[in-house]
Amino acid sequence: MDNLIKILNQDGQLVVTSRQIADDFEKEHRNVVRDIENLISNVGSAQNCAHLFIESEYQHEQNKQLYKEYLLTRDGFSLLVMGFTGAKALQWKLKYIEAFNKMEEHIKNQLKPSCLEDVLIAQLQEMKAMRTQVEQANTKAIEANAKAEETKQEVQAIRDVVALNPNDWRKDSSSLINKMALTAGGYDHIKALREESYKLLEQRMGVQLSIRLTNKRRRMADEGICKSKRDKLTMLDVIQDDKKLIEGYVAIVKEMAIKYGA
């Protein structure tokens with residue numbers, strides 16, 4: 001047996017105390033307990049981790065008070081120290097593996113064949129149960145990450161809507177309309193969304209953008225501006241000429257962004 005590491009036989013189950021792990025890996029015992037309880041929380045509950053961590057108590061040598069500790073099975077030990085790094089930590093991991101192996105060999109030599117078979121079956125069942133718990137924990141973690149990413153996107157979308165302001169309204173409104181189109185199924189929806197925004201603006205502000213666009217082109221013609229430039233004018237250029245129309249259009253695009261979940 002390894003003289004440095006005490007592997008205990010707890011009701012037929014090999015365990016090591018959290019205090020010894022703290023001493024050997026040079027960590028505060030309360031931090032080791034915290035790490036164990038974090039693992040238990042991530043798996044689901046203490047009951048689900050009964051094959052990994054066993055809550056126990058020890059009596060302090062000085063004040064004789066009882067304090068909490070954990071007994072770790074081989075799988076529980078492996079799960080805990082998986083995150084311990086460094087050359088010294090690696091050496092201790094190897095020592096613990098050797099100690100567990102020696103104790104298991106010692107127990108096997110004392111068991112009858114039938115008892116040994118029962119122990120192996122029990123260990124296989126424990127391994128299967130642990131694998132199931134780990135898979136469930138992984139599934140929950142994946143779902144949580146997906147939900148977090150979805151929430152992050154929603155928050156960013158709200159920020160984009162709030163950030164839309166009259167100072168850079170043409171660029172920001174175009175960006176939001178593009179996002180609405182993607183949400184609706186693709187950029188083919190951009191034209192319909194723009195038409196909807198213009199129609200809502202006309203209804204709300206009591207204007208006819210098409211008439212204003214025609215009048216603007218006529219004024220430019222009277223000023224001698226070439227036809228190619230006049231033909232490039234859009235409803236946005238009409239809106240650009242009126243501060244109230246800009247404010248109304250910005251408000252409408254924000255409302256549409258929320259409506260379409262952009």
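These numbers come from a predicted model, not from an experiment.

Caption draft 1: Expanded view of the pairing of strand 4 (residues 66–73). In this structure, strand 2 (residues 13–17) lies alongside strand 4, joined through 3 bridges in antiparallel fashion. Looking across to strand 4, one finds that V15 is bridged to T73. Bridging between strand 3 (residues 53–59) and strand 4 involves 7 bridges; their strand directions are antiparallel. Residue pairing across strands places E57 opposite K68, the latter belonging to strand 4.

Caption draft 2: Just the packing of aromatic side chains, in detail. The tally for this structure, following the rule as stated, stands at 8 aromatic pairs. Note on W92 and Y96: the rings are 6.3 Å apart at their centroids and 55 degrees apart in plane angle, and the pair reads as tilted. Here W92 and its partner Y96 are both found in helix 4 (residues 87–110), 4 residues apart, which amounts to about one turn of the helix. Every member of this aromatic cluster is reached through a ring pair, and the members are F25, F77, F84, W92, Y96 and F100. Over the face of the ring belonging to Y58 we find R19, whose NZ or CZ atom lies 4.0 Å from the ring centre. Above the ring of W92, the side-chain terminus of K95 is found at 4.5 Å from the ring centroid.

Caption draft 3: How the structure looks around the packing of helix 3 (residues 74–81) against helix 4. The N-to-C vectors of helix 3 and helix 4 enclose an angle of 175 degrees; their axes lie 11 Å apart at closest approach. In terms of orientation, helix 3 lies roughly antiparallel with respect to helix 4. Two secondary-structure elements touch here, helix 3 through R74, F77 and V81 and helix 4 through K93, Y96, I97, F100, N101 and E104. Taken together, the residues of the contact of helix 3 with helix 4 sort by class into 5 nonpolar, 1 polar and 3 charged.

Caption draft 4: Fine view of the sheet that holds strand 1 (residues 8–10). Here 4 strands make up an open sheet; going across it, the order is 1-2-4-3 and the pairing antiparallel. Because the sheet does not close on itself, it has two edges, and the strands there are strand 1 and strand 3. Between one strand and the next, the sheet's axes are offset by a mean angle of 45 degrees, whatever the strand orientation. In this fold helix 2 (residues 29–43) packs onto strand 3 and strand 4, with an angle of close to 55 degrees to the strand it touches most, strand 4.

Rules and cut-offs
Residues numbered from 1 in each chain as written. Predicted model: local features only at pLDDT ≥ 70, side-chain atom pairs only at ≥ 80, totals over all residues. Heavy atoms only, no water. Pairing = 2+ DSSP bridges. Helix = DSSP H or I, 4+ residues; strand = E, 2+ residues; numbered from the N terminus. Phe/Tyr/Trp six-rings, centres within 6.5 Å; stacked < 30°, edge-to-face > 60°. Lys NZ or Arg CZ within 6 Å of the ring centre and 35° of its normal. Axes fitted to C-alpha atoms, helices over the stretch in contact; angles between N-to-C directions. Parallel < 35°, antiparallel > 145°, perpendicular 65-115°, else oblique. Contact = heavy atoms within 4.5 Å. Nonpolar A, V, L, I, M, F, W, Y, C, P; charged D, E, K, R; others polar.

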